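# Topology and contacts: notes
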Amino acid sequence: MACIYGYFIRRDRHMPYSTTSADVVIVGTGAAGLFCALHLPENLSIYMITKDTLENSASYLAQGGIAALKDSEDYEDYFEDTLRAGHYENSRKAVDTMIRQSPVIIRELLDYHVNFDKKGDDLDLTKEGGHSASRILHHEDITGQEITSKLLQNVREKKNIDLHEHTTMVDLICEKNVCKGIITQDADGAFHAVFGKAVVLATGGIGGLFKHSTAFRHITGDSLAIALKHNVLLKDINYIQIHPTSLYSEKPGRSFLISEAVRGEGGVLRNKDMERFTDELQPRDVVSAAIKKQMEKDGRGFVWLDVTHLDPELVKSHFPNILEHCKEEGYDILKEPFPVTPAQHYFMGGIEVDLKGRTSMDNLYAIGETSCTGVHGKNRLGSNSLLESLVFAKRSAQNIEETIPYEPTEVEDVDFTQYEGRDFAKEYREIVLEEIKRRDKDFYEQWCT
Ligand SMILES: Cc1cc2nc3c(=O)[nH]c(=O)nc-3n(C[C@H](O)[C@H](O)[C@H](O)COP(=O)(O)OP(=O)(O)OC[C@H]3O[C@@H](n4cnc5c(N)ncnc54)[C@H](O)[C@@H]3O)c2cc1C
């Protein structure tokens, strides 16, 4: 066994296995994982992995913005807006925690040099569907990229944080409901054991399990399958948000989101005979269901969205990205209707956690979209998810700091042969979809088959 850069590495000459240890292991480099890492003390060694490149996370894709309490008078309204969107199934304690922490989180983001748009000297606050006040901070329409890239820049400067790209968590190392680390597989297929005194799952949502999703294809809810395997409790796993309109494309990869605002401004949905078939301004789930039904009737995978009757100047000024992206896909939306289809967009359920990000397994934390704090209830209020990720990532880091033992991380022998020859992507996909089916057969049949 050798000690390299503070980590213990053991390599068998014949087998591509190794064992490493750190104080804290963080799985995922989206906003949640990065913010957690930044809030851990610098005397702790942190081992962070991501399945893909550091930038390819849903956090980078967030467009609209991040919500925050405007002032103390806004508390009741913000609380009520979040509950109303969540069909009053939210955890009131979690919502209260998120809202009360939001001003501090925004101040911290500003300290990390996140550049929010301003109106004069003040931050430019906007409003979105479901919010009764303008309380959303944004950076153009690429807020997620601005926040996440600044967090990543800060993480890269920390000497105690070791980043590993193209490294996939395939299992937890645990015994008697105590988490001791993770098993990873690298791009060459080699397995590694990474032991840690605390393990934080920040693996995002489940979009990659769906034919159409606005998230990256590699984000497939692996943590959920692994949690199920080890009897870690999950919550509301069938609470999955389907966005009514994404640009239909035969190309592989994630779906391009066509914002609700397009219908809000008067965009009309049409069937194969170019007839309008539903009220476009109904709630998301109702419009999604109407589109799905129409697609089945029409025998095709899309319906048309038509904005040709709108003022072209309005379309150009309100939806420059959509206009541009559709043009790249071959549609001039000022002149012709373009094809849209519902797509999975957000996951409200997840690994059940308390207000400190603790799961039902000791030393195992979950944060961000992977976790279920109960903030969103049955349905997420727009721009609350980045905020939730950051608030609870910080609280997890604080709890880890308070409780992590001084003793070195324990390293044990691992039987790596159990991982050889397995198709984890297929195995874990089946486990998660089966659980969704078990919890909500109607949802499964409508959206997962
Ligand atoms: C198109 C789009 C627009 C959005 N707009 C907004 C918005 O305006 N406002 C808002 O608040 N929210 C928005 N959201 C939601 C928000 O972006 C996400 O909910 C939030 O960023 C989740 O952050 P996260 O860190 O939990 O996960 P992610 O940012 O998705 O990060 C997950 C990380 O886990 C890694 N990972 C996954 N599985 C494994 C594994 N097995 N092993 C190793 N690594 C793994 C991934 O590679 C990635 O690094 C939007 C989402 C999308 C898709």
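So, on to the overall build of the protein. Within the protein one finds 13 helices and 23 strands. Rg of the C-alpha trace for the protein: 22 Å, near the compact-globule value of 22 Å for 449 residues, within the 12% margin. Of all 449 residues assigned to the protein, the portion counted as buried reaches 48%. Looking at the protein alone, contacts between residues at least 24 apart form 70% of all its contacts between residues at least 6 apart.

Counting buried residues in strand β12 (residues 178-186) gives 7 out of 9 residues, a clear majority hidden from the surface. Note: strand β11 (residues 167-175) against β12, 8 bridges, orientation antiparallel. Residue pairing for β12: L172 is matched across the bridge by I182. Linking β11 to β12, which pair antiparallel, is a turn of 2 residues; within it K176 sits at a positive phi near 45°. Where β12 lies against strand β13 (residues 191-195), 5 bridges are found, and the strand directions are antiparallel. Across the sheet, the residue bridging to G181 is F195, located in β13. Counted along the chain from β12 to the antiparallel partner β13, the turn is 4 residues long, and its residue G189 has a positive phi close to 90°.

Let's shift gears to the domain arrangement of the protein. Domain boundaries in the protein define domain 1 (2-239 + 348-448) and domain 2 (242-345). Measuring from the centre of the C-alpha atoms in domain 1 to the corresponding centre in domain 2 gives 30 Å. On the side of domain 2, 15 residues touch domain 1, which itself brings 12 residues to the contact. When the residues that make up the side of domain 1 that touches domain 2 are grouped by side-chain class, the tally is 4 nonpolar, 6 polar and 2 charged.

Before going further, it helps to spend a moment on the sheet that holds strand β14 (residues 198-201). Judged by pairing direction, the sheet is parallel, and its 5 strands sit side by side in the order β10-β5-β4-β14-β22 without closing on themselves. Of all the strands in the sheet, the pair left with one neighbour each is β10 (161-164) and β22 (364-366). Along the sheet, successive strands turn relative to each other by an average axial angle of 15°, direction set aside. Pairing of β14 with β22 involves 3 bridges; the strand directions are parallel. Residue pairing across strands places L201 opposite A366, the latter belonging to β22.

Once that is clear, we can look at the site of the ligand. Taken together, the neighbourhood of the ligand is formed by 42 residues, with G28, G30, G64, G204 and G368 sitting nearest. The set of elements that each furnish at least two residues to the shell around the ligand consists of α1 (31-38), α2 (58-61), α5 (143-156), β11 and α11 (385-403). When grouped by side-chain class, the residues that make up the shell around the ligand number 15 nonpolar, 23 polar and 4 charged.

Let us now look at the sheet that holds strand β23 (residues 371-372). An order of β15-β21-β23 is seen for the 3 strands of this open sheet, with the pairing classed as mixed. Looking along the sheet, the strands with just one partner apiece sit at the ends: β15 (234-235) and β23.

Glycine aside, a negative phi is what most residues show, and trans is what most peptide bonds show. Positive phi, close to 60°, is recorded for Y88, a residue that is not glycine. Its location among the elements puts Y88 in the loop between α3 (75-85) and α4 (92-111). Residue class for Y88 comes out exposed when judged on the 11 C-beta atoms lying within 10 Å of it.

A few words now on the nonpolar core. Ranked by size, the top nonpolar core spans 92 residues in total, and within it I26, C36, A37, V199 and V200 carry the most contacts. Of all hydrophobic cores here, the second largest spans 20 residues; its members include L247, V287, L305 and F338.

Moving on to the pairing of strand β5 (residues 46-49). Here β5 shows two buried faces, one formed by I46 and M48 and the other by Y47 and I49. Bridge analysis of strand β4 (residues 24-27) against β5 gives 4 bridges, and the strand direction is parallel. Within the sheet, the bridge partner assigned to V27 lies in β5 and is I49. Tracing the backbone out of β4, into α1 and back to the parallel element β5 gives a crossover that is right-handed. Where β5 and β10 come together, 4 bridges link them in parallel fashion. Across the sheet, the residue bridging to M48 is L163, located in β10.

Before going further, it helps to examine helix α12 (residues 424-439). For α12, with 16 residues, the first-to-last C-alpha span of 23 Å sits near the 22 Å given by 1.5 Å per residue. Residues of α12 that are buried include every one of Y428, V432 and I436, and no others. Taken end-on, α12 shows its buried residues confined to a sector of 75°, consistent with a single buried face. Those residues of α12 that are exposed and aimed more than 90 degrees away from the buried face are K426, E430 and R438.

Viewed as axis vectors pointing N to C, helix α6 (residues 222-229) and α12 meet at an angle of 80°, and their least axial separation amounts to 8 Å. Comparing the axis directions of α6 and α12 gives the class roughly perpendicular. Note on element contacts: α12 touches α6 through Y428, I431, V432 and E435, opposite D222, L224, A225 and L228.

Take the environment of F256 next. By the element assignment, F256 lies in strand β17 (residues 256-257). C-alpha of F256 to C-alpha of I322: the two residues are 66 residues apart in sequence and 8.6 Å apart in space. Contact partners of F256, with chain neighbours within four places excluded, come to S246, L247 and H325.

Reading the values: the criteria
- Residues numbered from 1 in each chain as written.
- Predicted model: local features only at pLDDT ≥ 70, side-chain atom pairs only at ≥ 80, totals over all residues.
- Helix = DSSP H or I, 4+ residues; strand = E, 2+ residues; numbered from the N terminus.
- Rg over C-alpha atoms; globule rule 2.2 N^0.38 Å.
- Buried ≥ 20, exposed ≤ 12 C-beta atoms within 10 Å, placed from the backbone.
- Contact = placed C-beta atoms within 7 Å.
- Pairing = 2+ DSSP bridges.
- Domains from an automatic or database assignment.
- Nonpolar A, V, L, I, M, F, W, Y, C, P; charged D, E, K, R; others polar.
- Axes fitted to C-alpha atoms, helices over the stretch in contact; angles between N-to-C directions.
- Near = placed C-beta within 6 Å.
- Core = buried A, V, L, I, M, F, W, Y, C linked by C-beta atoms within 7 Å.
- Right-handed = clockwise from strand over helix to strand, strands pointing away.
- Expected span 1.5 Å × (residues − 1).
- Arc of directions from axis to C-beta.
- Parallel < 35°, antiparallel > 145°, perpendicular 65-115°, else oblique.

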